[in-house]
Amino acid sequence: MNSTRLVEWLVVWVYRLSPYAWLDAGMARMERRDHGRWRQARYIASECYIVGWLVLSVLLWWQASELPAWLAWPVLLRIAGILNKEIGVVLFGRCKITPGRIVAATGRTIVLALENYATAALLMAFVYTKMGRFHLPHGESGVLDGGHALVQSLSVQFSMSGAYRPLDLDTWVLVMAQSAFSFLFSLIVISLFVSLLDIGSDRH
């Protein structure tokens, strides 16, 4: 097994841990009986799942002070799942409704990817309210409140540089992990835009 196949295997294995993957697999079996109806249902389900997580991420950040700290761990798993699925789609044509074909970068694909990007930023804002120690204004230190957490997350997401300085190794690892997510996801979105431009040029 070469390194490319190993990465592809890991991507598919992680994807299969997602509840959405189980739902889609069941709908794919039904699609064999009624292709038109169930294919459309799978598209709707995928969009509802992504938009649902976007709405949930807003609620998690908004109500962060009322929620337990242990929720940060499943939230981090969801962020990893977002990146894993986008890598699977773009690099290997896997983890999507029609596997094994060349990925066509449609407007829908790009919009859904950007929604995932926004979801990840809001989820990381929630994580920063529960994990990490930062140097805050006025000489204070500790975890970030909702507003400061959102500023920190958006700063890392768009510039790969945090607004607040981490105070320990664990916090540095957390911030660097988000920076790595932002870098890889940006490459994915850029590749989708380039693919879309290529498709548009071929039509002319």
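What comes next is a walk through the structure. Numbering of residues starts from 1 in each chain and follows the order in which that chain's sequence is written. Selection of residues for local features in this predicted model requires a pLDDT of at least 70, selection of side-chain atom pairs for listing and counting requires 80 or more, and totals for whole chains, interfaces and linings are taken over all residues. No hydrogens and no water enter the side-chain calculation; it runs on all heavy atoms of the structure.

1. Overview of the packing of aromatic side chains
For Phe, Tyr and Trp, where Trp contributes only its six-membered ring, two rings pair if their centres lie within 6.5 Å, and the inter-plane angle classes them as stacked under 30 degrees, edge-to-face over 60, or tilted in between. Evaluated as defined, the whole model comprises eight aromatic pairs. With a centroid separation of 5.9 Å and an interplanar angle of 70°, the aromatic rings of Tyr117 and Phe158 are classed as edge-to-face. Taken together, the residues span a long stretch of sequence, with Tyr117 in helix H5 (residues 107–128) and Phe158 in helix H6 (residues 146–159) at a distance of 41 residues. Relative accessibility under 20% of the residue-type maximum defines a buried residue, over 50% an exposed one, and the middle range a partly exposed one, all with a 1.4 Å probe and only protein chains included. In this structure Tyr117 comes out as buried when scored by relative accessible area, which is 10%. Connected via pairs of aromatic rings, a cluster forms that spans Tyr117, Phe158, Phe181 and Phe185. Each helix is a run of DSSP H or I of at least 4 residues and each strand a run of E of at least 2, with the numbering of both proceeding from the N terminus.

2. Observations concerning unusual backbone geometry
In this structure, Met160 takes a positive phi of about 55° despite not being glycine. Along the chain, Met160 falls in the loop between H6 and strand E3 (165–166).

3. Brief notes about helix H4 (residues 72–92)
The span you would expect from a helix comes to 1.5 Å times its residue count less one. Taking 1.5 Å as the rise per residue, H4 with 21 residues should run 30 Å; its terminal C-alpha atoms sit 30 Å apart, in good agreement. Count one or two residues on from H4 and you reach Gly93, which has phi positive near 65°.

4. Structural notes on the sheet that holds strand E1 (residues 134–135)
Strand order in the open sheet formed by three strands is E2-E1-E3, and the pairing between neighbours is antiparallel. The open sheet is flanked by strand E2 (141–142) and E3, the only strands paired with a single partner. Note on pairing: two strands pair once DSSP finds at least 2 bridges between them. Pairing analysis gives two bridges linking E1 to E3, with the strands arranged antiparallel. Looking at E3, one finds that His135 is bridged to Arg165.

5. Description of the packing of H4 against H5
Two numbers describe how H4 lies on H5: the axes approach to 10 Å, and their chain directions differ by 155°. Viewed along their axes, H4 and H5 adopt a mutual orientation that is roughly antiparallel. Crossing of H4 over H5 shows left-handed handedness. Residues Ala72, Val75, Leu76, Arg78, Ile79, Ile82 and Glu86 of H4 pack against Ala113, Asn116, Thr119, Ala120, Leu123, Met124, Phe126 and Val127 of H5. Under the scheme applied here, ten amino acids are nonpolar (Ala, Val, Leu, Ile, Met, Phe, Trp, Tyr, Cys and Pro), four are charged (Asp, Glu, Lys and Arg), and all others, including Gly, are polar. Taken together, the residues of the contact of H4 with H5 sort by class into eleven nonpolar, two polar and two charged. Axis lines are fitted through C-alpha atoms, for helices just across the contact stretch, and the angle between N-to-C directions can take any value from 0 to 180 degrees. In what follows, roughly perpendicular refers to angles from 65 to 115 degrees, roughly parallel to angles under 35, roughly antiparallel to angles over 145, and oblique to any angle outside these ranges. Crossing handedness: left-handed means the near helix sits turned counterclockwise from the far one by under a right angle, and right-handed means the same turn made clockwise. What makes two residues a contact is simply this: any of their non-hydrogen atoms within 4.5 Å.

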